[in-house]
Amino acid sequence: MSNSNLFSYEEEMTRYVDGDMSPEEAAAFETKHPEAAAQKLTDSCIGNLLRKHSEIPPLQHAEFFNHQILREITSTSSPSSPHYNPPPLLRFAFAGTACLLAAAGIYFGFVASQEKEPEFAVQITEIKAGDDQLSVKLIESEGLAVVWVDGLDYLPDTYTLE
Amino acid sequence: MNLLRCLLVILLSVSTVSAEDRVWSAVVLATKKKKTEKTTEVPAELAPYVSKLVKVFGYDRFEILGSATKSMDDQSERWLVPSQNFWLGVHAKKEDDAYNLSIEFFHDKRRLVEATAKLGLNTPLVLRGPMHARGQLLVIFEIKN
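Residues numbered from 1 in each chain as written. Chains lettered and ligands numbered in written order. Predicted model: local features only at pLDDT ≥ 70, side-chain atom pairs only at ≥ 80, totals over all residues.

On to the nonpolar core. Formed by 42 residues in total, the largest nonpolar core has its most connected members in V147 of chain A together with V126 of chain B. Where this core is concerned, the elements lending two or more residues are β3 (144-150) of chain A together with β1 (22-31), α2 (50-57), β4 (86-95), β5 (98-107), β6 (110-120), β7 (125-132) and β8 (135-144) of chain B. Looking at this core element by element, the count peaks at six residues for β8 of chain B. Setting aside its immediate chain neighbours within four residues, V147 of chain A contacts I127, V136 and L138 of chain A together with V113, A115, L125, V126, L127 and R128 of chain B. (Core = buried A, V, L, I, M, F, W, Y, C linked by C-beta atoms within 7 Å. Buried ≥ 20, exposed ≤ 12 C-beta atoms within 10 Å, placed from the backbone. Helix = DSSP H or I, 4+ residues; strand = E, 2+ residues; numbered from the N terminus. Contact = placed C-beta atoms within 7 Å.)

Another point: the sheet that holds β3 of chain A. Strand order in this open sheet of six strands is β2(A)-β3(A)-β7(B)-β8(B)-β1(B)-β2(B), and the pairing throughout is mixed. Taken across any chain shown, the strands that pair with only one partner, and hence form the sheet edges, are β2 (135-141) of chain A together with β2 (61-71) of chain B. Adjacent strand axes in the sheet meet at a mean angle of 25° when their direction is disregarded. Judged from the nine bridges that link them, β1 of chain B and β8 of chain B form a sheet pairing that is antiparallel. The residue bridging V23 of chain B from the neighbouring strand is I143 of chain B, located in β8 of chain B. Seen against the sheet, α2 of chain B touches β2 and β3 of chain A together with β1, β2 and β8 of chain B and runs at an angle of roughly 40° to β3 of chain A. (Pairing = 2+ DSSP bridges. Axes fitted to C-alpha atoms, helices over the stretch in contact; angles between N-to-C directions.)

A few words now on the confidence of the model for chain B. Residues and elements named next belong to chain B. Summing up the model confidence of chain B, the mean pLDDT is 82 and the portion of residues at 70 or higher is 83%. At the low end of the mean pLDDT range in chain B sits helix α1 (residues 2-20), at 45; at the high end sits β7, at 93. The low-confidence segment residues 6-17 (pLDDT under 50) makes zero contacts with residues lying over four places distant or belonging to another chain. (pLDDT = per-residue confidence, 0-100.)

What follows is the structure in C-alpha cells.
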C-alpha cells in the first residue's frame, strides 16, 4: 500500500465518519472496507454513551476565574480606552501660555542678565602716568575699575583737605 | 495730527535723555571705623557700589570731601573741581549708550594720570590717590543720567 493510497483511505475514512459521503459513496466504501463500517458503529455507540452518561464537572472557584478574565480584559482594553480630549481653543490657550513662559525664561535667563552687565562696564584703552616718578596700573576687581597710582607722596596731617 | 504730536514727544524725550547725562566726580576719604564707633551712613552717591569699594580697598567708612557735577553734551570738554586740591579734565564723545572719554586727573598742579576709556552710564572709574594722615584718598568719576 503506497502513501498516496493510505492518505486517500484516511481522507475517505474521515469523510465517511463525518457523514460527508453521499449514500452511494458510503455504500461503496462499506463494501470496500467493511471494517470501517464496524468501526464507525462502535465509535458512534461510544460517543452516544459518553454524551449520555458523562457529566460536565462543576467549575470550582468560578469567582477567581471571573476575576482573572475581567482583569485580563481591563488590562488589554485600557491602552485603547478613550482619554480626555480638550477642545481646540483650550489647547491653543495652553500652547500660548507655554510659549509665553518659554519666552519669559529666555528673556530673564539671557537678555535681562546681559543688560545688567554694563552697569560696571569700563574699557580702558590707554593709560599712562603723569610723570616719570609715578606708575599706574589698571585693576578690575569686584566689577570695579580702579586706576592704581604708585609713587605718590604721603600727605601729612598738616595738609588740609578741602 | 496725532502722529505729528507723537513724533514731537519722541524727539523731545530723546533729546531730554541725552541732555540729562552729566559727569560727576568726588574726592573721597576712605578710613577704617574704630570698634567703639557707631555705624555711619554711607553717602547716597556711593551706595550702589560701596560694598565693592570695601572689598577692593579694605576700608569701611567713606566720606565725600567734595564733589562736582556738570551736564554732559556731546563732544564737549569739561573741567571738574571736586576739591581745591584735585580736579579733572574730561573730553567726552557719546557713542550709543556709553561715552568715549579722554580724562586727566590732577593733584594740585601735578598731572597724575592720563587715560582714554569707554565708560557706561552709572559706571564708576576710581582713582587711588595719595595716602593722607587721615586715610586713603580716592577720586571717583562717573557719568550719571
